[in-house]
Amino acid sequence: MNKRIYLCLAHMSGNEQKFIQEAFDTNWVVPLGPNVNGFEEDLRNFVGQNKQVVALSAGTAAIHLALIACGVQAGDEVICQSFTFCASANPVTYLGATPVFIDSEKDSWNMDPALLEQAILDRKAKTGKYPKAIIPVALYGMPYRIEDIMAIANKYGIPVIEDAAEGMGSRWKGQVLGTFGEYGVLSFNGNKMITTSGGGALICKDEAAKNKIMWYATQAREAYPYYQHEAIGFNYRLSNICAGIGRGQMMILDEHIAHHKHIAKRYKEAFATIEGITFHDAPSADYDSNFWLNTVLLDESLHIHGEENAYAEAVQGAVGGAAGVVHGGGSVHTDCEPNRNVEAIRMFLDKAGIESRPLWKPMHKQPVFKNAPAYLSGVSEAVFKRGLCLPSGPMVTDEDVDYIIASIRNAIK
Ligand SMILES: *Cc1c(COP(=O)(O)O)cnc(C)c1O
């Protein structure tokens, strides 16, 4: 096999260029316009629940604005799931606030509601204030225990910002993620469920909330014939060109979700017959995951060819082919890293032309967040050490899955 199989590649409907051409033909080459409005309408129809949606330049921007709208200021604390991509927590620090990290529960790998309540009470006791917001994350598309989280949030009057960047189209008991809390975050980065090349959106509960976000996203302009500013705003609106891509993508979102789930089913069936590797499945029928990325856990006792050479050399560049600048010259080890057999299987698959990747390293184990309070059970760290993400998404075929499974079988000693 000479093609390379990637973790999650974008897939076009073929209609994207039509919307982009229209933008050029009508000279709407700006961060607003008919494609932005059309894309927002498509998103609104998709999420339902009478919600409003604001299209933004990134999911990270959506989290940033949601925090501002929740009144987060310097010196405040915001509760965040520790097991996540850094973009869930970084915007908290943009505001001079401190993230308080919550560990995961073992079934969904998402925010543990018991630890959440413990943390809320402990922060109140220690600082005299409640945290200003709660950010649960649909890791790899898996729903969080939103009913339990909402019950706790409502008990203490703390708004929930759902980070559904990876969970677009995932549902809890049939309701789309991002529509339960005060705000819901979506991402359209290149490798998410749909792409606008880069972009995001914030799901808002009503027109007033939407207008407030829109105002912050467009430099906080007051209604005068000249530019009058009474608050600090941001340039976070989505471009009309990118929104054109989004409109094309919305035509195949359902197809993408169905395909991700189909690939998940194939993996699940295959891993049921492989000893030492467990497919991360939904804990019950309440959790309707989009399976954005399929993930597995390797038993510590599983032996992989080449594991004696795992971590023999420092990795050059970022795993995952991240765009942009990566600091070089890293050391081989950190104080919290995937087990040797996980690194060995990653290297084995890489040689076979298959991209795989460790799970997100928990934020409470990141040097940059070493001073942030954390409420821990050990679950996310244990899962991180044993976990691996496998190729998923619309570009992965049934034959690819067969080849990936065969390669994994070959990798096992
Ligand atoms: C991708 C992602 C984001 C950020 O989205 P961008 O559009 O890349 O800024 C936030 N949270 C999680 C969990 C993500 O995976």
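Here is a short report on the structure shown in this document. (Residues numbered from 1 in each chain as written. Predicted model: local features only at pLDDT ≥ 70, side-chain atom pairs only at ≥ 80, totals over all residues. Heavy atoms only, no water.)

1. Re the pairing of strand β9 (residues 200–204)
For β9, a buried count of five out of five residues is recorded, marking the element as mostly surrounded by other parts of the structure. Every second residue of β9 is oriented toward a common face, with Gly200, Leu202 and Cys204 on one face and Ala201 and Ile203 on the other, all of them buried. Alignment of strand β1 (residues 52–56) against β9, held across five bridges, turns out to be antiparallel. Bridging across to β9, valine 53 finds its partner in isoleucine 203. Alignment of strand β8 (residues 183–187) against β9, held across five bridges, turns out to be antiparallel. From the neighbouring strand, glycine 184 faces β9, where its bridge partner is isoleucine 203. (Buried < 20%, exposed > 50% of the residue type's maximum accessible area, 1.4 Å probe, protein only. Helix = DSSP H or I, 4+ residues; strand = E, 2+ residues; numbered from the N terminus. Pairing = 2+ DSSP bridges.)

2. With respect to the sheet that holds strand β14 (residues 387–390)
The strand order across the open sheet formed by three strands is β10-β12-β14, and the pairing between neighbours is antiparallel. Edge positions in the sheet fall to β10 (277–279) and β14, since each of these pairs with one other strand and no more. Averaged over all pairs of adjacent strands, the angle between strand axes in this sheet comes to 30°, irrespective of strand direction. Strand direction decides the pairing type here: strand β12 (residues 294–298) and β14, joined by four bridges, are antiparallel. Residue pairing for β14: leucine 297 is matched across the bridge by glycine 387. Each of β12 and β14 touches helix α11 (residues 379–386); the most contacted strand, β14, lies at about 60° to it. (Axes fitted to C-alpha atoms, helices over the stretch in contact; angles between N-to-C directions. Contact = heavy atoms within 4.5 Å.)

3. Details of the site of the ligand
Neighbouring the ligand are 15 residues; Thr60, Asp163, Glu166, Ser187 and Lys192 lie closest to it. At a separation of 2.7 Å, an oxygen atom of the ligand approaches a polar side-chain atom of serine 187. Interatomic distance of 3.4 Å between a backbone N/O atom of glycine 199 and an oxygen atom of the ligand. Notes on the ligand: free accessible area 380 Å², of which the protein chains cover 95%. Broken down by class, the residue content of the shell around the ligand amounts to five nonpolar, seven polar and three charged. (Near = heavy atom within 4 Å. Polar contact = N/O pair within 3.5 Å; in protein donor to acceptor, adjacent residues only side chain to side chain. Areas by Shrake-Rupley, 256 points an atom, 1.4 Å probe, with all protein chains shown as cover. Nonpolar A, V, L, I, M, F, W, Y, C, P; charged D, E, K, R; others polar.)

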